[in-house]
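Now for the letters of each chain:
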Amino acid sequence: MTIHPASVAHEFAAAFNSRDPRAVDAVYEPGGLFVPEPGTTATGAARRTANQRFLRLGLPIDVRPRHVYEHDGIALLIVDWTIGEVTGTATDVARRAADGRWRYVIDNPFGTA
């Protein structure tokens, strides 16, 4: 079975929209990096706390992968997203795991800022 790298964006959206912080965190590699605002990075517990702030908005996220470039199990994703009235374009890096699923190595929702 081949899973397309864009699946990570859709899996993130499903987890986010479920409001389950554990499901959101499962979309990341254990050491995955989140950029909650330009110039700030978070991993581990800090990543979970930063994602909680977005979950607390109580609004669904809509994602639209614009470009996906994959090579040798690494993918660069450019993803347009909307949460309520807020929109952005993410620049994300994902890696294919041994189970075939893609997980975020770097999740930068404000990747063009």
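Note that the structure is predicted; figures quoted are calculated from it, not measured. (Residues numbered from 1 in each chain as written. Predicted model: local features only at pLDDT ≥ 70, side-chain atom pairs only at ≥ 80, totals over all residues. Heavy atoms only, no water.)

Caption draft 1: Geometry of the pattern of salt bridges. Inspection of the entire model under this criterion finds eight salt bridges. Between D25 and R47 there is a salt bridge; the shortest N-O distance is 2.8 Å. Here the residue D25 occupies a position in helix α2 (residues 21-25), and R47 occupies one in helix α3 (residues 44-55), the gap between them amounting to 22 residues. Overall, the relative accessible area of 16% leaves D25 in the buried class. The partner of R96 in a salt bridge is E70, with the nearest N and O atoms 3.8 Å apart. Residue R96 is located in strand β5 (residues 86-96), and its partner E70 is located in strand β3 (residues 61-71); the two are separated by 26 residues in the primary sequence. Of the residues examined, R96 reaches a relative accessible area of 38% and is grouped as partly exposed. Connected through shared salt-bridge partners, D25, R47 and R48 make up one network. (Salt bridge = Lys/Arg side-chain N within 4 Å of Asp/Glu carboxyl O. Helix = DSSP H or I, 4+ residues; strand = E, 2+ residues; numbered from the N terminus. Buried < 20%, exposed > 50% of the residue type's maximum accessible area, 1.4 Å probe, protein only.)

Caption draft 2: Representation of the sheet that holds β3 in the model. Pairing is mixed in the open sheet, where six strands are placed in the order β2-β1-β6-β5-β4-β3. In this open sheet, the two edge strands, each paired with only one partner strand, are β2 (40-42) and β3. The average undirected angle you get between the axes of adjacent strands in this sheet is 25°. Pairing between β5 and strand β6 (residues 102-108): six bridges, direction antiparallel. (Pairing = 2+ DSSP bridges. Axes fitted to C-alpha atoms, helices over the stretch in contact; angles between N-to-C directions.)

Caption draft 3: Region of the structure containing the pairing of strand β4 (residues 74-83). Within β4, seven of the ten residues are buried, which leaves it mostly tucked inside the rest of the structure. Where β3 and β4 come together, ten bridges link them in antiparallel fashion. Following the sheet pairing, H71 is matched in β4 by I74. Connecting the antiparallel pair β3 and β4 is a turn made up of two residues, with D72 showing a positive phi of about 55°. Examined bridge by bridge, β4 and β5 share ten bridges and lie antiparallel to one another. Note that in β5 the partner of I74 across the bridge is R95. Between β4 and β5, which pair antiparallel in sequence order, lie two residues; one of them, G84, sits at a positive phi of approximately 60°.

Caption draft 4: How the structure looks around the nonpolar core. Of all hydrophobic cores here, the largest spans 24 residues; its most connected members are V8, F12, F16, V24, I61, V63 and Y104. Looking at this core, the elements that each hand over two or more residues are α1 (7-18), β1 (28-37), α3, β3, β4, β5 and β6. If one sorts the elements of this core by residue count, α1 sits on top with six residues. Apart from residues lying up to four places away in sequence, F16 is in contact with V24, F54, L55, L59, P60, I61 and I83. (Core = buried A, V, L, I, M, F, W, Y, C linked by side-chain atoms within 4.5 Å. Contact = heavy atoms within 4.5 Å.)

Caption draft 5: Main features of α3. An ideal rise of 1.5 Å per residue puts 16 Å on twelve residues; α3 measures up with 17 Å between its terminal C-alpha atoms. Within the sequence span of α3, burial applies to R47, A50, N51, F54 and L55. Here the buried residues of α3 occupy an arc of 150° about the axis, which is enough to place them on one side. (Expected span 1.5 Å × (residues − 1). Arc of directions from axis to C-beta.)

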